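# Working through the structure, step by step
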Amino acid sequence: MNISYNWLKDYISFNLSPEQLSDALTSIGLETGSIEEVETVKGGLKGLIIGRVLTCEEHPNSDHLHVTTVDLGTGEPQQIVCGAPNVAAGQKVVVATVGTVLYSGDESFTIKKSKIRGIESNGMICAEDEIGIGTGHEGIIVLPEDAKAGTPASEYYKVESDYVLEVDITPNRIDAASHYGVARDLYAYLQAHTPDTTTGDGRDKACLVSTINKPLVDAFQIEDKSAAVTVEVENPLACPRYTAVTIKNIEVKASPDWLKNRLETIGIRSINNVVDVTNYILHETGQPLHAFDVSKIKGNKVIVKTLPDGTPFVTLDGVERKLSDKDLMICNTEGGMCIGGVFGGLDSGVTETTKDVFLESAYFNPSWIRKTARRHGLNTDASFRFERGADPNNTLYVLKRAALLIKEVAGGTITGEIQDVYPLKINNPVVELSIQKVSDLTGKYIPETTIESILKSLEIEILQKSVIAGLTRNPLQSDAVWTLSVPTYRVDVTRDVDVIEDILRIYGYNNIEVGEEVKSTLSYQTPVDRSYELQNILSEQLTGAGFNEILNNSLTSGSFYDGLTSFPKQNCVLLRNPLSADLDVMRQTLLFGGLESIVYNRNRKNPDLKFYEFGNTYFHLPERLKENDYLTAIKEEFKLALWLTGNSVTNSWIHPVEKSSVYELKAYVENILFRLGISSRKIVYKSFTNDIFAAGLSVETVSGKQAGVLGVIQKNICKKFDINAEVYFAELNWEVLMKENKNLKLKQTEISKFHPVKRDLALLLDKNVTFAEIEKIAYQTDKKILKEVSLFDVYEGKNLPEGKKSYAVSFTLQDEEKTLNDKQIDALMSRIQKTLEEKLNAQLR
C-alpha cells in the first residue's frame, strides 16, 4: 500500500525525515519496503525562473527568431534568442537558465550557453509542454503582470515534492490500510517515544506530537428535506449496516489539481471529481464508498439482497457474470446495480451526464465478500478491505466526510434524510487485561502509567481497574486487572494477548533487554533436535557447493496439478476460503515453487542456478477419512528438494563452460546420502519416466521404501513456466532418510596396513541394464573384501552388436587382516563375473 509523506502530515505533525518515518513504521509492525520521491511535475521545475522581457528585437540573420534581454531578478539581464511568434517586450515569462534539465517523456536535455545564427543565447524562454505543466506549444507561456521576476517557477506553480512509502500491511492489520490508519499508529509511537525533558534522555525531539487531527464533519447538514432515494436491507446478516445519502444538482467534471495530485502521487488515476472523492476517502479512512447515478436507480429505492442463482450481471469491466444466490447485490426495484462490496455494475456508475448521486457507505460481512470475490475471481480495493473487516461504526462519519468533499469539488445539495439501516449495533469488544500477564509475556516490567499511556494513544479505553487479591504472592508483581474497550476498527484485537502485543510493538521490541542469565534444564536430544541438526549440516554442505536456499509458500495454484497423474489434483488439500485463485491448494511437491523461483531469476538475467529447499508437502487421501474428520484424510511429508539449471561452470579462464547435468545432480544426492551416513549399498536406483520426469531415477532403500526421486523435468512443464532450458530436480523424503540414519553408529578404525587391489572388467551388456544393477549384484556377491565398485567408461556405437553397450567397471578389493593373494583375487572376480553373466546376461569383452 502506498502512503504519501505529505498526505500523512494532514493528520499528524512531525519532523521525521522519510527515512526516519520508514524506520518508525517498520518498528511498530508496518514494514516499509521502499521510499520513492515523487514530484507533481517531473524535475520539480528546478532551474526555471520567472523573468521579465526587457527588449525584443528581430534576429539579424533570421526571419522568425527574436533577440531578447530578460530580467531574472539578479540585476544582470540575460540575452536569450527566442523563436516563439508571441514573444514581446514587457511580458512575464518562464526562463530555463543555463544548466537546467528539461524533460520530454523519458528523455531529457540540458540547457547550455550557445550561439544561434551567430547570436549568443543564455537560456530558453519556455512553452507549457517544454516544462511539463501543459500541452500547449503554439507559443511561450505569458504570465500575469503580477508575477515577480526572479521567483522560482516551482514556487510560482506551487510544485510539491513528496515521498511515497510502500507499506506492507499484514492481513490482520486492515485498520492501517489508509493514511489516517497509519497516522493513528504513528501517533501512538510518537507519544510513547516523546523525550522526557526532566530526565534528559536525549531522544529526538522531532518525535514530539500533541494530537492527531481527524477531519471534522460538523459542517454537514441536510439542505433539502424533500424525498430522496430510500434503502431496504433484506439480508442484515450479509449487510449489518448500510448508510447512504443523496446529493442533487452536482457537476461532474475534472478534479481540482490538489485532488488529482494526491491520487496520482500514490498511483491512482484521476477519473472525475465524484469518483476521485470516493477513491480519496478510501485511501484516507480505509472505508470503501460507491456512488450511484440516481437516474439509474429504478423506483428511487435501493434494496440490499441476493438474486436467484445463475442471474446474469454485467460488471464495470464489461464482463457478464453468472451470480450465485450467495452473492450480495445492491439492487433497484428492477434488478442489480452492483455486486455489494466487490465490483460496480456497468450501467449504474457516475458519468459526465450525472446530475444527482446516491452515495453509499456500508459495512458488509467479511465472509460474504471474501467468498463472492473468490467465486468471480475479483480482487478490488473495496473487496480487499471489506473481506478483512471494515469498521461498522465509522460508516456514518465517512459518509458525511465524503458528502462535504463532493459539495466542495462538484457543488450540489444534500437532499433527504440520511439512510442508516443498522438493526443490531456492533459494540466494542471487551477484554480483561492482567497487568502481571503483560510482564510475564513481554519478559519485562513495564510501568502501569506507560501501559495506560500506550492504551490511550491506541484509542483503547480503560473501563475499569480492579485488583484481584491473591493473583500473585510476589510483592513486586501486580494484582491489577483492567477491563478494556477495544475500538471496532481493530478487528485483530479480541484477546488479552492481542492487547499485550499492541503494547509491546508501541513500547518497542528493541527496549526488551536480553538478560544476563540463561535459564535452562538438562535434556536428552529428541528426534526433532537430531533432524534439525542434520538439516543445518546439509544446508552448510549445499551452500558450500554453490547452492542457494529458497523458501516458497506452502499455498500454491491448483492449476499446476491439472492433468497430472504423478500428483493427481484430487489429492490436493483445498482451501475453503483461498486468498486468490493462485493460492487455492496446499502443495503436493516442492517442484513448482522452485520453478517459479527459477523463472523469476532467469527473467532478471540470472540463468545459472542451484537451489535447495526444506519444506512440507500435503496430500488429501480420502481413503484415510475417519468419522467425517477431514484432518484424518490429510498426510503431511517433509521433503528436501534440489534444482539445477543453466551452466555448472562459466566465465572461468581455467575451465571451459560446462552445462549442468542430471549426473551432477545425482552426485549431489549421493553426497547428501553419504553425509547422512547412508551407505550406497543400502540404496537402489531404478529408472522411470512419468508426466513429471522425462528421465528419472527412483531412489529406494534395500527394503523397498522410496527415499526420493531425481531426474530431468519434462519440457512441457518447463514451458508452462516460460523456462526454455533443461531443469534437473531431486526431491528426497526426509522422514525416510531419518529412519535410515536413526541406527547410524560412528566407528573409529585404523587405516589398513594392507594395500587395496583394483581389478577391471569390460562388460558387454543390454542397453537397458544400469550400473546400479551391476553395483548391487557385486556387493551381494561379496560383503567382506569388496570395498568399492565404480564405472569409469561407457561406450555405445560402432563394432558393438545391436542393442548392446560396453561398461568398463573397476572393483576395489581389500582385506583388513592380511594381504590378498592372486588366488583369492581371481576367485572373487570369477564369482562376480559369473553372477553378472547369469543375472544380467553380461559378456566379457
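Report follows, based on the coordinates. (Residues numbered from 1 in each chain as written. Predicted model: local features only at pLDDT ≥ 70, side-chain atom pairs only at ≥ 80, totals over all residues. Heavy atoms only, no water.)

## What to know about the pairing of strand β36 (residues 693-701)
In summary, the side chains of a regular strand alternate between the two faces of the sheet. Quick reminder of the rule: Throughout, exposure labels follow a simple rule: accessible area from a 1.4 Å probe, protein chains only, divided by the maximum for the residue type, with under 20% read as buried, over 50% as exposed, and the rest as partly exposed. Under the DSSP-based scheme used, a helix requires at least four consecutive residues in state H or I and a strand at least two consecutive residues in state E, with every element numbered from the N terminus. Here the rule is simple: two strands pair whenever DSSP picks up at least two bridges between them.
Across the nine residues that make up β36, a large majority, seven, are buried. By the bridge criterion, six bridges tie strand β35 (residues 683-688) to β36 in an arrangement that is antiparallel. Directly across from Y685, in β36, lies its bridge partner V699. Counting the residues in the hairpin turn of β35 and β36 gives four residues. Two elements, β36 and strand β37 (residues 706-713), share seven bridges in a ladder whose sense is antiparallel.

## Points about empty space enclosed by the protein
Which entries qualify depends on this criterion: Here a cavity means grid points, on a 1 Å grid over the protein atoms only, where a 1.4 Å probe fits yet cannot get out; a pocket means an open set of points with protein on both sides within 12 Å along at least five of seven lines; lining residues are those with an atom within 4 Å of a point. Grid points are joined across faces, edges and corners, and a volume is the space filled by probe spheres set on the points. In the scheme used here, Gly and all other residues not listed as nonpolar or charged are polar, with Ala, Val, Leu, Ile, Met, Phe, Trp, Tyr, Cys and Pro taken as nonpolar and Asp, Glu, Lys and Arg as charged.
Tallied over the entire structure, the rule returns one cavity of 30 Å³ or more. When its volume is computed, the largest cavity comes out at roughly 40 Å³. In the lining of the largest cavity, the residues fall into two nonpolar, no polar and four charged.

## Quick notes on the environment of E138
With respect to the element layout, E138 can be found in the loop between α3 (128-131) and α4 (153-156). Residue E138 is classed as exposed on the basis of its relative accessible area, which comes to 68%. Along the chain, E138 and P85 lie 53 residues apart, while their C-alpha atoms are 8.2 Å from each other.

## Some remarks on the nonpolar core
Threshold: Among buried residues, the Ala, Val, Leu, Ile, Met, Phe, Trp, Tyr and Cys ones that are joined through side-chain atoms within 4.5 Å form a nonpolar core. It only takes one pair of heavy atoms within 4.5 Å for two residues to be counted as in contact.
Counting 75 residues, the largest nonpolar core has F14, L25, L186, V274, L433, L455 and I503 as its most contacted members. For this core, the element with the highest residue contribution is helix α10 (residues 395-410), accounting for nine residues. Once residues within four sequence positions are removed from consideration, L433 is found in contact with V438, L455, A480, V481, W482, L484, D496, V499, I500 and I503. Of all hydrophobic cores here, the second largest spans 34 residues; its members include A244, F292, I339 and V342.

## Considerations on the pattern of salt bridges
Our working definition: What makes a salt bridge here is a side-chain nitrogen of Lys or Arg within 4 Å of a carboxyl oxygen of Asp or Glu, nothing more.
Throughout the structure, instances matching the rule amount to 38 salt bridges. Residue R490 is joined to D502 by a salt bridge in which the shortest nitrogen-to-oxygen separation is 2.5 Å. Of the two residues, R490 is situated in the loop between β26 (480-485) and α13 (496-507) and D502 in helix α13; the sequence distance between them amounts to 12 residues. Of the residues examined, D502 reaches a relative accessible area of 3% and is grouped as buried. Here E816 makes a salt bridge to K787, at a shortest N to O gap of 3.3 Å. Here E816, found in the loop between β41 (804-813) and α20 (822-840), pairs with K787, found in strand β40 (residues 786-795); they are 29 residues apart in sequence, far enough to count as distant.

## Looking at the sheet that holds strand β6 (residues 92-96)
The sheet built from five strands is open, its strands ordered β5-β4-β3-β6-β11 with antiparallel pairing. In this open sheet, the two strands that pair with only one neighbour each are β5 (78-82) and β11 (124-125).

## Considering a nonpolar patch on the surface
What counts is decided by this rule: Exposure above 30% relative accessible area and the lack of any salt bridge qualify a residue for a patch; like charges then connect within 9 Å, and the nonpolar side chains Val, Leu, Ile, Met, Phe, Trp and Tyr within 5 Å. Here the accessible surface of atoms and residues is derived via Shrake-Rupley with a 1.4 Å probe, and residues count as covered only by protein chains that are part of the display.
Together, V314, L316 and L346 line one region of the surface with nonpolar side chains, adding up to about 240 Å² of accessible area. Structurally, L346 is set in the loop between β21 (343-344) and β22 (357-363).

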